[in-house]
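# Coordinates in review
What follows is each chain in one-letter form.
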Amino acid sequence: MSQHSVEKSICTVRDALAEAKSVVVLSGAGISAESGVPTFRGQGGLWRQYRATDLATPEAFARDPKLVWEFYNWRRELLEPLRPNAAHLSLAKLENRLSSFVLITQNIDGLHQMAGSRNVLELHGNIWKVRCTACGRLTEDRRVPLPLLPTCEDCGALLRPHVVWFGETLDPGILDRAYEEVLRCEVMLVIGTSGTVQPAASMGMLAGRNGALVVEINLEPTPYSDIYSVSIAGKAGEIVPQLF
Ligand code: BV8
Ligand code: ZN
């Protein structure tokens, strides 16, 4: 994308955001890349070393809970020293300036909340939360590494990471709220996602079909780059702060 058209696109988005009453953001692993969090499918992506089907599935956890917990402990150790970047921080500032703003994230790293975002819908859960496989008790546990295998203080059953694995349904309440916001927003920013994982990947299309201006900010082109109203190629940490 030529520098000129990047500038032009940024102006278009800046004007739209200045007018908009309701804005939705959908973020993916790419927004956390500049904080040092490995993405899933980009260079040196997480899933390259591990196949998602081997680890981030209920079957893998049933078969070998210790292996799956070691995978999440490895990611907790990776994430612990990392901090939000300029993109996360800009979105937290934008939220304060808008009457209606919702941040829908596929990320489980918690960096948006650490940056100050308040209205966050975590579609795929949160790596710092653990859930009881029997009674469903949900707690935050930031110990790194988590001593294995963790058990529930209430009923003694095995705890699991509070994340959505492949083949598992997303929390219906969170999903309904996400769709509601996507269907009523005037501008939707889709930041740092390859558009691979459903149902998150089709939310931008939904907003567009409903007349919203849909803006993609991504390092590489995605299957949606030619479909969305605006597609800006670049790093989230550089582009996002220029939008406001
Ligand atoms: C569901 C939590 C339905 C865990 C994650 C076959 C078998 C089984 C399932 C399926 C199947 N086919 C389709 C499915 C459905 C499946 C799916 O979509 N699979 C895909 C892979 C084909 N989806 C599901 O299973 C979902 N559930 O559909 O339920 C259902 C209904 C009834 C009954 C049962 C089921 C659940 C999906 C949730 C999976 N959990 N994470 C964990 O993290 O350990 S998904 C995982 O991928 C992360 O959450 C991640 O966020 C997500 C999406 O990836 P992205 O965020 O897009 O990251 P990616 O690396 O791909 O892209 C990053 C982008 O950023 C790149 O484009 C890169 O260029 C760009 N970038 C890099 N640096 C920067 C940048 N951009 C800007 N700036 C930078 N600096
Ligand atoms: Zn329990």
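Our subject in this report is the structure included herewith.

## So, the overall build of the protein
Of the regular secondary structure elements, the protein holds 10 helices and 9 strands. Over its C-alpha trace the protein gives a radius of gyration of 18 Å, about what one expects of a compact globule, namely 18 Å for 244 residues. Structurally, the protein occupies a C-alpha span of about 55 × 35 × 30 Å along its principal axes. Across the 244 residues of the protein, 51% fall into the buried class. Partitioning the intrachain contacts of the protein with sequence separation of at least 6 by distance along the chain shows that 66% fall at a separation of at least 24. If you sum the accessible surface of the protein, you get close to 11,400 Å²; carbon and sulfur atoms cover 52% of it. For the protein, the separation between the mean place of its 24 positive charges and that of its 27 negative charges on side chains is 1 Å.

## Here's the deal with the nonpolar core
The nonpolar side chains of a soluble globular protein tend to be buried, and buried together. Counting residues in hydrophobic clusters, the biggest one holds 27 residues, and the most contacted among them are Val13, Val23, Leu189, Ile191, Ile217, Ile232 and Leu243. Sorting the residues of this core by element identifies helix H1 (3-19), strand E1 (22-27), helix H6 (86-97), strand E2 (100-105), strand E7 (187-191), strand E8 (213-218), strand E9 (230-233) and helix H10 (236-239) as the ones contributing at least two each. Ranked by residues supplied to this core, first place goes to H1 with 5 residues. Counting residues in each nonpolar core, the second largest holds 23 residues, with Ala60, Cys132, Cys152 and Ala157 among its members.

## Notes on the environment of Leu243
Position of Leu243 among the secondary structure elements: in the segment after H10. Residue Leu243 is classed as buried on the basis of its relative accessible area of 0%. Distance from Leu243 to Leu17, taken between C-alpha atoms, is 7.9 Å for residues 226 residues apart in sequence. Residues within four places of Leu243 in sequence aside, it is in contact with Ile10, Val13, Arg14, Leu17, Leu189, Ile217 and Ile232.

## Comments concerning the pairing of E9
Side chains Val230 and Ile232 project from E9 onto a buried face, and the interleaved Ser231 and Ala233 project onto a face without burial. The sheet contact formed by E8 and E9 spans 4 bridges and is parallel. Counterpart to Val215 in the pairing with E9 is Val230.

## Thoughts on the sheet that holds E9
One open sheet accounts for 6 strands, arranged E3-E2-E1-E7-E8-E9; its pairing is parallel. The sheet terminates laterally at strand E3 (120-122) and E9, the two strands that pair on one side only. With direction set aside, neighbouring strand axes in the sheet form an average angle of 15°. H6 contacts E1, E2 and E7 of the sheet and is inclined by roughly 150° relative to E2. Of the strands in this sheet, E1, E2, E3 and E7 are in contact with helix H8 (residues 172-184), which crosses E2 at around 130°.

## A short note on the environment of Pro84
Locating Pro84 in the fold gives a position in the loop between helix H5 (65-79) and H6. What makes Pro84 buried here is its relative accessible area of 19%. Along the backbone, Pro84 and Met114 are 30 residues apart, and their C-alpha atoms lie at a distance of 6.7 Å. What Pro84 contacts, discounting residues up to four positions off in sequence, is Ser35, Leu89, Leu111, Met114 and Ala115.

## As for the packing of aromatic side chains
Scanning all chains against the criterion turns up 5 aromatic pairs. Judged by centre distance (5.1 Å) and plane angle (65°), the rings of Phe71 and Tyr72 are edge-to-face. Measuring from centroid to centroid gives 5.5 Å for Tyr224 and Tyr228, while their planes differ by 15°, and the two rings are stacked. Assigned by exposure class, Tyr224 and Tyr228 land together as buried. The rings of Phe61, Phe71, Tyr72, Trp74 and Trp165 are connected pair by pair, giving a single aromatic cluster. Positioned over the ring face of Trp165 is Arg160, at 3.8 Å from the centre of the ring.

Cut-offs used in this document
- Residues numbered from 1 in each chain as written.
- Chains lettered and ligands numbered in written order.
- Predicted model: local features only at pLDDT ≥ 70, side-chain atom pairs only at ≥ 80, totals over all residues.
- Heavy atoms only, no water.
- Helix = DSSP H or I, 4+ residues; strand = E, 2+ residues; numbered from the N terminus.
- Rg over C-alpha atoms; globule rule 2.2 N^0.38 Å.
- Buried < 20%, exposed > 50% of the residue type's maximum accessible area, 1.4 Å probe, protein only.
- Contact = heavy atoms within 4.5 Å.
- Areas by Shrake-Rupley, 256 points an atom, 1.4 Å probe, with all protein chains shown as cover.
- Lys, Arg positive; Asp, Glu negative; His and termini not counted.
- Charge placed at Lys NZ, Arg CZ, Asp CG, Glu CD.
- Core = buried A, V, L, I, M, F, W, Y, C linked by side-chain atoms within 4.5 Å.
- Pairing = 2+ DSSP bridges.
- Axes fitted to C-alpha atoms, helices over the stretch in contact; angles between N-to-C directions.
- Phe/Tyr/Trp six-rings, centres within 6.5 Å; stacked < 30°, edge-to-face > 60°.
- Lys NZ or Arg CZ within 6 Å of the ring centre and 35° of its normal.

Treat this as a map of the structure, not an account of what it does.
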